[in-house]
Amino acid sequence: MRNAQITPRKLKEKFPDAILDTLSFREEETVVVKKEAILPICRFLAQEPALSYDFLTDICGVDYPDREKRFELVYHLYSMGRNTRLRLKTAVGEGEALSTVESVWKAATWFEREAYDMFGLTFEGHHDLRRLLTWDGYKGHPLRKDFPVKGEDFEHYEVPAMPPDAFSTMPEEAGGEREMILNMGPQHPATHGVLRVVLKLDGEIIRDAVPYVGHLHRGVEKLAEQMTYTQAITLTDRLDYTAGICNNLSYVLTVEKLLGIEAPKRAQYIRVMMAELQRIAAHLLWLATHALDMGAMTVLFYCFRERETVIDILEDITGARLTPSFLRIGGLAADLPDGVEAKIKAFLDDFPRRMREYETLLTKNIIWLKRTKDVGVISPEKAINWGLTGPVIRGSGVNWDIRKAFPYSSYDEFAFEIPIGEHGDVYDRYLVRLEEMRQSARIVRQALQGLPKGKVRVADPRVTPPAKEELGKEINAVIRHFKLMSEGISPPPGEVYCSVENPKGELGWYLVSDGTNRPYRYRIHTPSFVNVAVLPEMIKGLLVADVVAVIGSIDIVLGEIDR
Amino acid sequence: MELAYFLIETVVKVVAVFAVLMLVVAYLTLAERKILGRIQVRYGPNRVGPFGLFQPIADGIKAFFKEDLVPARADKTLFVIAPMISITAAISLFAVIPFGEQIELFGRRISLTIASLDIGLLYVFAVASLGEYGIVLGGWSGYNKYGLMGALRAAAQMISYEVALALSVMGVLMIAGTLNLVEIVRQQAGWHWNILYQPFAFIFYLVCALAEINRTPFDMPEAEAELACGFNIEYSSMKFALFFMAEYAHLVAVCAIATTLFLGGWDGPFNLPPALSWIWFVAKTGILVYFFIWERGTFPRLRYDQIMRFGWKFLLPLTLANIVGTGLYMVLRGM
């Protein structure tokens, strides 16, 4: 982490007046800068060779109504070459604008739109500053602290008129020229949920595309601010609902980082094992739907057969198929049940044969190759600039996997490889995910073989309730139990960002604690959000049929885009 | 008197063929779902009646009682006529297909074909193309952009593959020297099946037929993933069912024509009595139908432009080459 400390020094040399403060908490570097200097500082950070923060992970707002300058805008940067993170913060008052960093990182486009939508922050020079998750005409900014939470707190609310679209949907109104506007979704069999893409077509060729998200917006980040840290685990399952365990893991790791604790070894191994099983299940679901979008119906059923086995195993362990909420801050809800290890082993023995079945149907199939090769290409430079993550950026040949870059939960003790593609097309992303399934199976086998003995909850009275035997003997234990159950966990004040490699990419949490038992800010950085923002870039100039191929290959889940 | 007998005979044959065909189409939907189910490690329909045997009837009743919606901005006349065109064309194809050897009944020689036309094959191509009008009009008249795109694709695909389809059977015509389907079958009697002389033409025919009846990997007009069902997107109730039946009737027709042209029609490995010769015909057609279901469970869908390119740049030259090859062979053999 010494690596990171050169950044504040360099920044102070270059911008002596603009740097207000530098902080370090839980080995994370934070630099507080002046609002006016945000663009030059960002450009310097991205372009200075010794720093090269080429990757924008996240931009989010935080609302502090009591401060003079009410909002704080938080930038999370990452340097691919130096493997270092940096947090930039700047204070923005009500009604003030600050300049966009779109020109430095394209990834900022959607993050800034979201900050505009949720906090009412405006960005000068942004090319397309519209609401993102709510609709045009929506009143209020939901993540402000004074935005009402309960229904009775709302004043009379009028639903705004039909939102105007980027393009008119009627051909005669579109000018009646060569182009036709086609509205794909939100009800469409191949947009994987309620994604809506408005296409401008010349014949079947796509001239322009505008994605609309937010149809599934539930205000998770706002909801979590009303919950205790433990309760908020249940919200994580419902983000990427194909990978509940991985979401749990990301969140509890962030809270553990905030608390400065670490789960016992056995719990870490079981977490890894379950997360990798979940990754296999999520990738199987991706392969099933991706192939179905291209008309290969049979693959769907083959994949669901194996996914069923994995889900059964996870159900044995957690009691739930889709929304496990099984991980706890400081460990797991329970140890592995009897007999599940044999089931996992049986699955692992069977799985390579099943993989060969899918590959027989697709990998060398000439129609599959024709549909996927050189379609939806994204270059490595663009992929980094757009902040893509997961198999999408690896398909473009960028070796970036959080399991290797910032090993968490003992991932450094497992042997596995990170597959990367070459061309960044649909086919490479397909191959990358297939190989990831094999590597996941490898990790699960290692975790099963090397499973340490011991407890699955950390022995820390702040987070772990007393054992049942103690409750009958000790009045203090009863009090402690009651306080933990009713009040929950209260981490020290501070802020952390922690992320894991989800099946879809980097899922990270930025948690701000004010010392109470509820998160002050519960910011979720989701992989599908950044990956879907690049969709227009990928599909311009292609045909309508390629849209479903590309959407399938970036593997979006609207639950985590819309939150 | 002769005219009266002729009329009675024709009417009986038409009714019989129509009834059997409707039954076959109904159970073909069940067969497809069952076979696909087998391929896809699932059961297929098995709740309505033993082995799901009443499923087609249940489907038919359901389709009949569903609300029949016509979009407000649709061209109502064309919208109603389109499915009728499709089904009429698909069923009319069976008028010239010879199902079996002539039989003796009530002292009359009755051929097991409704009409033994001298221009049988020409009739087949003419009527089959009419069926595409149903799809084009159906997609266009519903005032839906997905439907429109389906219709456009259907039109383009029809033109491209009709050419290759016609050229692919040209070799057979050159050998047979007639367009009469009954005559073509007779010439193949005794193991002189055209598939042995025209193996490439048979393969070309099957590929073109796939495109002609809009099945995977050429199911562009309805591509459910991108066009959300394409041309029939606005259809409901019996109108939708008519499109559905037309598709399956067309599938059977295409297989029946392949049997007639390439697989020797009712000619079998050993001779059955004339009254039973249709069994061979049914068996061969059934095998081809099974092939079409099987490939649907195997292949992904091609892209629109790739299909066009494949049709014009690959299939068309090959079918032409096949004609030239056949011609050379005939000249050299002095036929």
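Cut-offs used in this document
- Residues numbered from 1 in each chain as written.
- Chains lettered and ligands numbered in written order.
- Predicted model: local features only at pLDDT ≥ 70, side-chain atom pairs only at ≥ 80, totals over all residues.
- Heavy atoms only, no water.
- Helix = DSSP H or I, 4+ residues; strand = E, 2+ residues; numbered from the N terminus.
- Contact = heavy atoms within 4.5 Å.
- 1 Å grid on protein atoms, 1.4 Å probe; cavity = no way out; pocket = protein on both sides within 12 Å on 5 of 7 lines; lining within 4 Å.
- Points joined across faces, edges and corners; volume = space filled by probe spheres on them.
- Nonpolar A, V, L, I, M, F, W, Y, C, P; charged D, E, K, R; others polar.
- Expected span 1.5 Å × (residues − 1).
- Bend = angle between axes of the 7 residues up to and from the residue.
- Buried < 20%, exposed > 50% of the residue type's maximum accessible area, 1.4 Å probe, protein only.
- Core = buried A, V, L, I, M, F, W, Y, C linked by side-chain atoms within 4.5 Å.
- Domains from an automatic or database assignment.
- Pairing = 2+ DSSP bridges.
- Axes fitted to C-alpha atoms, helices over the stretch in contact; angles between N-to-C directions.
- Phe/Tyr/Trp six-rings, centres within 6.5 Å; stacked < 30°, edge-to-face > 60°.
- Salt bridge = Lys/Arg side-chain N within 4 Å of Asp/Glu carboxyl O.
- Buried area = accessible area lost by both parts, 1.4 Å probe.
- Polar contact = N/O pair within 3.5 Å; in protein donor to acceptor, adjacent residues only side chain to side chain.

Caption draft 1: Representation of the environment of aspartate 425 of chain A in the model. Residues and elements named next belong to chain A. Its location among the elements puts aspartate 425 in the loop between helix H13 (402-405) and helix H14 (426-449). Taking C-alpha positions, aspartate 425 is 6.2 Å from lysine 373, a pair spaced 52 residues apart along the chain. In this structure, aspartate 425 is in contact with Thr372, Lys373, Asp374, Val375, Gly376 and Val377, ignoring residues within four places of it in sequence.

Caption draft 2: Inspection of empty space enclosed by the protein at higher detail. Residue and element names in this part refer to chain B. With the rule as written, the count across this model stands at seven cavities of 30 Å³ or more. Roughly 160 Å³ of volume is contained in the largest cavity. The wall of the largest cavity is formed by 14 residues, among which Ser86, Ile135, Ala246, Glu247 and His250 lie closest to the centre. Elements with a contribution of two residues or more to the lining of the largest cavity: helix H3 (76-92), helix H4 (120-141) and helix H11 (237-262). At four residues, the largest contribution of residues to the lining of the largest cavity is made by H11. Class assignment for the residues of the lining of the largest cavity results in six nonpolar, four polar and four charged.

Caption draft 3: Quick peek at H3 of chain B. Residue and element names in this part refer to chain B. Taking 1.5 Å of rise per residue, 17 residues should cover 24 Å, and H3 covers 25 Å from first to last C-alpha, within 8% of that figure. For H3, the principal kink sits at alanine 82 and spans about 25°; a proline, proline 83, occurs within the next four residues. Residues of H3 that are buried include every one of Phe79, Ala82, Pro83, Ser86, Ile87, Ala89, Ala90 and Ile91, and no others. Against helix H1 (2-39), H4 and H11 lie the buried residues of H3.

Caption draft 4: Seen up close, the nonpolar core. Counting 179 residues, the largest nonpolar core has Ile41, Tyr75, Leu88, Leu199, Tyr251, Leu287 and Tyr522 of chain A as the members making the most contacts within it. Broken down by element, this core gets its largest block of residues, 16 residues, from helix H7 (residues 265-293) of chain A. Residues lining this core come from more than one domain, with at least three contributed by each of domain 1 (6-154) and domain 2 (220-562) of chain A. Setting aside anything within four residues of it in sequence, one finds leucine 88 of chain A in contact with Val31, Val33, Ile38, Ile41, Cys42, Leu45, Leu73, Val74, Tyr75 and Leu77 of chain A. One finds Ala89, Val124, Cys208 and Leu288 of chain B within the second-largest nonpolar core, a separate group that totals 78 residues.

Caption draft 5: Looking closely at the sheet that holds strand E8 (residues 179-184) of chain A. All names here are of chain A. Strand order across the open sheet formed by three strands is E8-E9-E10, with antiparallel pairing between neighbours. One side of each edge strand has no neighbouring strand; the edge strands of this open sheet are E8 and strand E10 (205-212). Strand after strand, the sheet turns through a mean of 20° between neighbouring axes, direction not considered. Relative to strand E9 (residues 196-202), E8 runs antiparallel, the two being bridged by six bridges. Pairing of leucine 182 across the sheet is with leucine 199, part of E9.

Caption draft 6: Region of the structure containing the packing of aromatic side chains. Residues and elements named next belong to chain B. On inspection of all chains with the given rule, the structure shows 32 aromatic pairs over all chains. With 5.7 Å between their ring centres and 50° between their planes, tyrosine 161 and phenylalanine 218 make a pair best called tilted. With a gap of 57 residues between them, tyrosine 161 in helix H5 (residues 145-168) and phenylalanine 218 in the loop between helix H9 (199-212) and helix H10 (224-227) connect regions that are remote in the sequence. Ring plane angle 70° and centroid distance 5.6 Å describe the contact between phenylalanine 291 and phenylalanine 292, whose orientation is recorded as edge-to-face.

Caption draft 7: Structural context of the pattern of salt bridges. Residues and elements named next belong to chain A. Scanning all chains against the criterion turns up 66 salt bridges over all chains. Here lysine 257 and glutamate 28 are joined by a salt bridge, their closest N and O atoms 2.5 Å apart. With lysine 257 in helix H6 (residues 244-259) and glutamate 28 in strand E2 (residues 28-33), this pair connects stretches of sequence that are 229 residues apart. For glutamate 28, a relative accessible area of 10% corresponds to the buried category. Where lysine 343 meets aspartate 316, a salt bridge forms, and the shortest distance between an N and an O atom there is 2.4 Å. A residue pair is termed long-range when its members are at least 10 positions apart, and lysine 343 in helix H9 (residues 340-362) and aspartate 316 in helix H8 (residues 297-318) qualify at 27 residues. The structure contains a network of salt bridges with shared partners spanning Glu28, Arg67, Glu72, Arg87, Lys89, Lys257 and Glu495.

Caption draft 8: A look at the interface of chain A and chain B. Chain A puts 38 residues into the contact, and the matching count from chain B is 29 residues. Taken together, both faces of the contact between chain A and chain B bury some 2700 Å²; the carbon and sulfur share is 61%. Area buried by chain A at its contact with chain B is led by Glu204, Met297 and Ile367 of chain A, which between them contribute 20% of it. Linking chain A with chain B are two salt bridges. The partner of arginine 303 of chain B in a salt bridge is aspartate 546 of chain A, and the shortest N-O contact between them spans 3.0 Å. Summed over the shared surface of chain A and chain B, the number is 10 residue pairs in polar contact (both at pLDDT 80 or more).

Caption draft 9: Up close: the sheet that holds strand E14 (residues 505-513) of chain A. Residues and elements named next belong to chain A. Taken in spatial order, the three strands make up an open sheet running E13-E14-E15, and their pairing is antiparallel. A strand with exactly one partner marks an edge of an open sheet, and here the two such strands are strand E13 (494-502) and strand E15 (521-525). Neighbouring strand axes in the sheet, compared pairwise and without regard to direction, differ in orientation by 15° on average. The pairing of E14 with E15 spans five bridges and is antiparallel.

Caption draft 10: Spotlight on the layout of surface pockets. Approximately 1200 Å³ is the volume attributed to the largest pocket. If you go around the largest pocket, you meet 40 residues; those closest to its centre are Thr29, Arg33, Phe240, Phe244 and Tyr248 of chain B. Every element with two or more residues in the lining of the largest pocket is listed here: H8 of chain A together with H1, helix H2 (55-65) and H11 of chain B. At nine residues, the largest contribution of residues to the lining of the largest pocket is made by H11 of chain B.

Caption draft 11: Just the pairing of E9 of chain A, in detail. All names here are of chain A. Within E9, six of the seven residues are buried, which leaves the element mostly enclosed by the surrounding structure. The pairing of E9 with E10 spans seven bridges and is antiparallel. Bridging across to E10, arginine 196 finds its partner in tyrosine 212. If you look at the hairpin formed by E9 and E10, you'll find two residues sitting between the two strands, and glycine 203 has a positive phi there, around 65°.

Caption draft 12: Spatial organisation of the domain arrangement of chain A. Residues and elements named next belong to chain A. What the domain assignment reports for chain A is domain 1 (6-154) and domain 2 (220-562). For domain 1 versus domain 2, the separation of C-alpha centres amounts to 26 Å. Taken together, the 40 residues of domain 1 in the interface contact 40 residues of domain 2. Here domain 1 and domain 2 share an interface that buries about 3400 Å² over both sides, 60% of which is from carbon and sulfur atoms. It is Arg26, Arg85 and Trp110 in domain 1 that bury the most area against domain 2; as a group they hold 17% of the surface buried on that side. For the pair domain 1 and domain 2, the number of links is seven salt bridges. Its salt-bridge partner being glutamate 506, residue arginine 85 comes within 3.1 Å of it at the nearest N-O pair. On the surface where domain 1 and domain 2 come into contact, there are 21 residue pairs in polar contact (both at pLDDT 80 or more). It is strand E3 (residues 55-63) that provides the largest number of residues to the side of domain 1 that touches domain 2, a total of nine residues. A per-class count over the side of domain 1 that touches domain 2 returns 23 nonpolar, five polar and 12 charged.

Caption draft 13: Structural detail: the pairing of E2 of chain A. Residues and elements named next belong to chain A. Of all six residues in E2, six are buried; the element is thus mostly enclosed. Of the two faces of E2, the one carrying Glu28, Thr30 and Val32 and the one carrying Glu29, Val31 and Val33 are both buried. Pairing geometry for strand E1 (residues 19-25) and E2, over six bridges, is antiparallel. Residue pairing in the sheet places isoleucine 19 in a bridge with valine 33 of E2. Once E1 ends, the chain turns through two residues before running back antiparallel as E2, passing arginine 26 with a positive phi of about 50°.

Caption draft 14: Fine view of helix H2 (residues 38-47) of chain A. The buried count for H2 of chain A comes to seven of 10 residues, which makes it a mostly enclosed element. Buried within H2 of chain A we find Ile38, Leu39, Ile41, Cys42, Phe44, Leu45 and Ala46 of chain A.

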